[in-house]
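Structural characterization, general
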Amino acid sequence: MAEPSVSQRERLEALLEEKRIYPPSEEFRKQANWSDPAVYERARKDPEAFWAAEAKNLDWIKRWDKVLEWKAPWARWFVGGKLNVTHNCVDRHAASSRRNKAAIIWEGEPGDSRVLTFEMLQREVNKCANALKSLGVKKGDRVAIYMGMTPELPIALLACAKIGAPHSVVFGGFSAESLRERINDAQAKVLITADGSWRRGGVVPLKANADEALKGTPSISKVIVLRRIGDKTPCRMEPGRDLWWHELVDHASDRCEAEPMDSEDILYILYTSGTTGKPKGVVHTSAGYLLGVSVTHRAIFDVKENDIYWCTADIGWVTGHSYIVYGPLANGTTSLIYEGSPDYPDRGRFWEIVARYGVNIFYTAPTAIRTFMRWGKEWPEKYDLSSLRVLGTVGEPINPEAWVWYHQHIGRERCPIVDTWWQTETGMIMITPLPGLTATKPGSATKPFPGIEAQVLDEKGQPVGPGGGGYLVLTRPWPAMFRTIYGDPERYERQYWSRYPGKYFTGDGAKLDQDGYFWLLGRVDDVMNVSGHRISTFEVESALVDHPCVAEAAVIGKTHEVKGQGIAGFVTLKENVKPSDDLKKELREHVAKKIGALARPDDIFFASELPKTRSAKIMRRLLRDIAEGRVLGDTTTLADPGVVAKLKQQYEEEGIVD
Ligand code: WTA
């Protein structure tokens, strides 16, 4: 495991200087869903009773026998219980006075829009569920989903959950190869995709990518294709394999019984980057996950019955799964979905949407906030943002300047900000303010949610006191925790639970302050966080060495003003290959093609040699020092300290290529 980087230590020092405090206003506190601080103590004393009391807000087919069975690291929550997630997210609301309430408000990038009430959503979900059944999909079969942000995406997720088929959503920005790898790991039977998706006025060619992926996916027997773009994009349909959504789904029956699911039956698999090897299939199960995301959504965003809630994430990531689809819909909340990019047709698009629909709760990523800052306050200033009541952030540490800008220019100094720390693995938000209770500090995710326990530990597993930095661990099981890595339980144990036995190792650095607030410092492993997207250095290195000109590659995340981290690749070329700017471009495109545009390196640097230890391990720490223009750290373990000194000089002479 890598030690905290120098940039993390710098962040830590800067944060210690941050003294601003924003207590909740009296007005907000009075109307908040959760405003009694006793909830923390109650949950701490008896977490199982706390979760069980909350679980009564769900509809159960059969009540559980036991709240938790915990044989670290294996957890089973609500043992013996049965329910159906889609029944809880859709059917029970469609059968209630919420029947005609908007479940989903959708805004397409070109300006088209659609509103689905709970009853309309129920019908669409049932049709899709029946279509899947007609293709032979049964409880337990995996369905891969590779779509843009159209209403059919949450419909597809909910249809899978209704019939008990675990879904595996692959973000539409991933390449054909990434899609293929994920389909094969999950052994998915059916793929749901679209001809394309709108992005910044252009088309993401989803079906063409899928066709490429499907050349090597023997488990897939059928493909359902949504027509989103139409004539503007070519879309070849393979006879016998590919079926149009509008032919198959639209004609299916709109009635479908919900499959009774055991609490611990798999709801979905979602792939995420780890330190080594292939992306990991994070497995989430039914009851505990649904409970975790619904309780946190209600408490943290202070959602009210008539609120319009907008989370700007993509459903291809966990934030979209938990806080666009499952959490909000379980609570009967109106969830807004926007298809496209924030600068189309202009940089006011998000604020125009907030104003037009009267969005009350807005949840986005620090990288987006930094982008808005760069575009200038004149954009949000043009719009009436008075409907906003709570603001959230997620995905990476937020710098205090961005926090304060968000508070002033979006929240107009009225809205509490919830900086929510969590991970694909945790399924639900873990460290966060409660907006009616917590005095916030810009840059701190504040405290663990009630029922959650976190610690900051040193290398030896000793708790680090206030002011010091260490490794963030979670010391108690929680309902929405992932249960395993799909097909690789050994990796689940080794990677997350063996470093500090019985404790969950997050891979993040953190510090505690005098008030017991947590300040997140970023990853301490070889995972980069680029615009809130998790990418492992290993994946990018593998893509680089896959290019015929490359001999060796080392990749690091380098501090970037807007993206949080940018990707820098240090590459040695094969003999007789000449370095050139064209080759740099080609290598960047090669990575984008192999993994997806999100992994395209910002800089490529040609080195004649890479700094290695005597045991031939590449020292990325030193490469980070070079890329971030710092004095080199300890070089005594290097096989040849001359290599790194030369590299530093060469790097400084050449400057940075963007
Ligand atoms: C980072 C996204 C600081 C962290 C939900 C974590 C954060 C990784 C925050 C998980 C936050 C997420 N403050 N860091 N509020 N939220 N992170 O799996 O490094 O895509 O380990 O889940 O994002 O990323 P993932």
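Residues numbered from 1 in each chain as written. Predicted model: local features only at pLDDT ≥ 70, side-chain atom pairs only at ≥ 80, totals over all residues. Heavy atoms only, no water.

1. Here we look at the site of the ligand
To keep things clear, this is the line we draw: Any residue with a non-hydrogen atom lying within 4 Å of a molecule or strand is treated as near it. Here a polar contact means two N or O atoms within 3.5 Å. Within protein one must be a hydrogen donor candidate and the other an acceptor candidate, and residues neighboring in sequence count only if both atoms are side-chain atoms. Methods summary: accessible areas were calculated by the Shrake-Rupley approach with a probe of 1.4 Å, and residue burial reflects only the protein chains presented. Strands are runs of DSSP state E lasting at least two residues, helices are runs of H or I lasting at least four, and both sets are numbered from the N terminus onward.
Taken together, 17 residues lie near the ligand, and Asp419, Thr420, Thr424, Arg523 and Arg534 sit nearest. Between an oxygen atom of the ligand and a side-chain N or O atom of arginine 534, the distance comes to 2.7 Å. Burial of the ligand by the protein amounts to 96% of the accessible area it has alone, namely 530 Å². Residue assignment for the shell around the ligand shows that the elements contributing at least two residues are α12 (318–330), β20 (417–420) and β25 (518–523).

2. Examining the pattern of salt bridges
Put simply, the test is: In the sections that follow, a salt bridge refers to a side-chain nitrogen of Lys or Arg positioned within 4 Å of a carboxyl oxygen of Asp or Glu. Type-normalised accessible area, obtained with a 1.4 Å probe on protein chains alone, sets the label of each residue: buried when under 20%, exposed when over 50%, and partly exposed for intermediate values.
Inspection of the entire model under this criterion finds 55 salt bridges. Across the pair lysine 558 and aspartate 603 runs a salt bridge, and its minimum N-O distance is 2.9 Å. Of the two residues, lysine 558 is situated in strand β28 (residues 550–560) and aspartate 603 in strand β30 (residues 603–606); the sequence distance between them amounts to 45 residues. This pair shows no difference in class: lysine 558 is buried, exactly as aspartate 603 is. Salt bridges sharing partners connect three or more residues here, namely Glu107, Arg349, Glu352 and Arg356.

3. Section: the sheet that holds β25
Convention followed: Two strands qualify as a pair provided DSSP detects at least 2 bridges between them. Axis lines are fitted to C-alpha atoms, over the contacting stretch for helices. Their N-to-C directions set the angle, which ranges from 0 to 180 degrees.
The antiparallel open sheet is built from 4 strands, whose spatial order is β21-β22-β24-β25. This sheet does not close on itself; its edge strands, each paired only once, are β21 (454–457) and β25. The mean inter-strand angle of the sheet, taken between neighbouring strand axes irrespective of direction, is 45°. When strand β24 (residues 504–512) meets β25, the two strands line up antiparallel, connected through 5 bridges.

4. Considering the packing of helix α5 (residues 85–94) against helix α7 (residues 152–163)
The condition that has to hold: Comment on the angle field: the value is read as roughly parallel under 35 degrees, roughly antiparallel over 145, roughly perpendicular from 65 to 115, and oblique elsewhere. Note on convention: the crossing is left-handed when the near helix lies turned anticlockwise from the far helix by less than a right angle, right-handed when the turn is clockwise. By definition, residues are in contact when any of their heavy atoms lie within 4.5 Å. All amino acids are sorted into three groups, where Ala, Val, Leu, Ile, Met, Phe, Trp, Tyr, Cys and Pro are nonpolar, Asp, Glu, Lys and Arg are charged, and the leftover types, Gly among them, are polar.
Relative to each other, α5 and α7 sit at 120°, their axes nearing to 7 Å. Between α5 and α7, the angle is such that the two are oblique. Judged by the sense of rotation from one axis to the other, the crossing of α5 with α7 is left-handed. Contacts between α5 and α7 involve Val85, Thr86, Cys89, Val90 and Asp91 from the former and Leu158, Ala161 and Lys162 from the latter. Partitioned by chemical class, the residues of the contact of α5 with α7 number 5 nonpolar, 1 polar and 2 charged.

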